[in-house]
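# Structural overview
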Amino acid sequence: MTTLVICVDRSGTIGRATNVPMPVAGWEAVRSLVTDAGLADPEDASVNCLLEALRVARDLRDEREDAVVAVVSAESDAPVGADRSIASQLDDLADRYDPSAAIIVVDSAEDERVLPIVESRMPVDGVDRVVVRQAHDLESTYYLLKQFLADEQLRSTVLVPIGIALLLLPVLFVQFSPATALAGVAGLLGAALLYKGLGVDRVVAGMPERVREALYAGQVSVVTYVVAGGLSLVGGFFGVLAASELEGATIAVEVMEFTYAAVPWLVVAGVTAAVGRLLDELIRDEGIRTPYLNLPFVIVAVGLVVRGFAGYFLAQEAMIDPIRVGGMGVTPGQRLAAFILVGVVVSLVGVKLASNVGRETLEEVIDGEGDPDGE
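Residues numbered from 1 in each chain as written. Predicted model: local features only at pLDDT ≥ 70, side-chain atom pairs only at ≥ 80, totals over all residues. Heavy atoms only, no water.

### Some words on the packing of aromatic side chains
For the structure shown, the criterion picks out three aromatic pairs. Pairing Phe 237 with Phe 238 gives two aromatic rings, centres 5.7 Å apart and planes at 70 degrees, and the pair type is edge-to-face. Both rings, one in Tyr 312 and one in Phe 313, keep their centres 5.5 Å apart while their planes meet at 70 degrees; by these two values the pair is edge-to-face. For Tyr 312, a relative accessible area of 24% puts it in the partly exposed group. Exposure remark for Phe 313: the relative accessible area of 43% places this residue in the partly exposed category. Through a chain of ring-to-ring contacts, the aromatic side chains of Phe 237, Phe 238 and Trp 265 assemble into a single cluster. Over the face of the ring belonging to Tyr 260 we find Arg 307, whose NZ or CZ atom lies 3.8 Å from the ring centre. (Phe/Tyr/Trp six-rings, centres within 6.5 Å; stacked < 30°, edge-to-face > 60°. Buried < 20%, exposed > 50% of the residue type's maximum accessible area, 1.4 Å probe, protein only. Lys NZ or Arg CZ within 6 Å of the ring centre and 35° of its normal.)

### Quick word on the pairing of strand E4 (residues 101-106)
Counting buried positions along E4 gives six out of six residues, so the element sits mostly inside the fold. Residues Ala 101, Ile 103 and Val 105 point to one face of E4 and Ala 102, Ile 104 and Val 106 to the other, with burial holding for every one of them. Pairing analysis gives five bridges linking strand E1 (residues 2-9) to E4, with the strands arranged parallel. In the sheet register, Cys 7 faces E4, and the bridge partner there is Val 105. Here E4 pairs with strand E5 (residues 124-129) via five bridges, running parallel. Pairing of Val 105 across the sheet is with Asp 128, part of E5. (Helix = DSSP H or I, 4+ residues; strand = E, 2+ residues; numbered from the N terminus. Pairing = 2+ DSSP bridges.)

Here it is, written out as structure tokens:
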């Protein structure tokens, strides 16, 4: 039962420095190789790898195990050629010693890539990675950066926005003040990170395919979505117009004015989109799913509550005319309570309707309208 302790040199540094044919096996042969490699380049980490292989083999022998130390070094600069030469050397060692197990000693992440080649020829009991103590932090950082740069998704997420920001920074410094330039670059980086972090890129990437499928399927929601988008733009326009007419108002008041003017249009847009999706569900044979039936009522209820709060703050600032019922004025608090109450009622109506009508198909709805007795 022989255990091979193999020092792996995928870069071929040991072979080029010593001009010794590979593989090298045996205690005395490897000790001699350490001297040759150390004299050729004392700063090379491969010397530490060779010494570590000798130490592991010595420890195994102290435990009464039959251990043989060996060295394999690539004979080509090309990655494929290097791996094939190491595979040939491993075959030579396997034929010579018929090992029952192997322990791999490496000094870099690049050498660890040879591990599958070794495992395909003999069982591997362990991997011993040697890092020079003085360069531990530096080398670890180097390999982390190397893995980071090898990941295409991380490169596109981090490096591309940073590169664009660095390119824009000199232009912004020339055209604007330093504070404005830094604020613009920070905003760009923040938007890029949110774009990726929130998964907006996946939604945008899949949008053309979903639109094409919806057009080919003849879905009603395609038209209602377009109408909803137009209504949303109208709501935003009227909101900005209403907020811009305020003179000397604070930002909070302008935001409330924008919300108060835009919410009705946004609610109509949301209901339009929800009705289109509901019609698509009706046309399908599976029936209406409860969430789609309840969605229009939820949108209206939320719109009422949001408009009620916006109206409450504007009424406190006397920015809107008070409501009068029977000659009596309605306080801002009563106005807010009325909007909240109506929103809750609309939401409850939606829940009740969804529980009664859920899972009905278009044929069932039409039949129900034509036959009030359900017969």
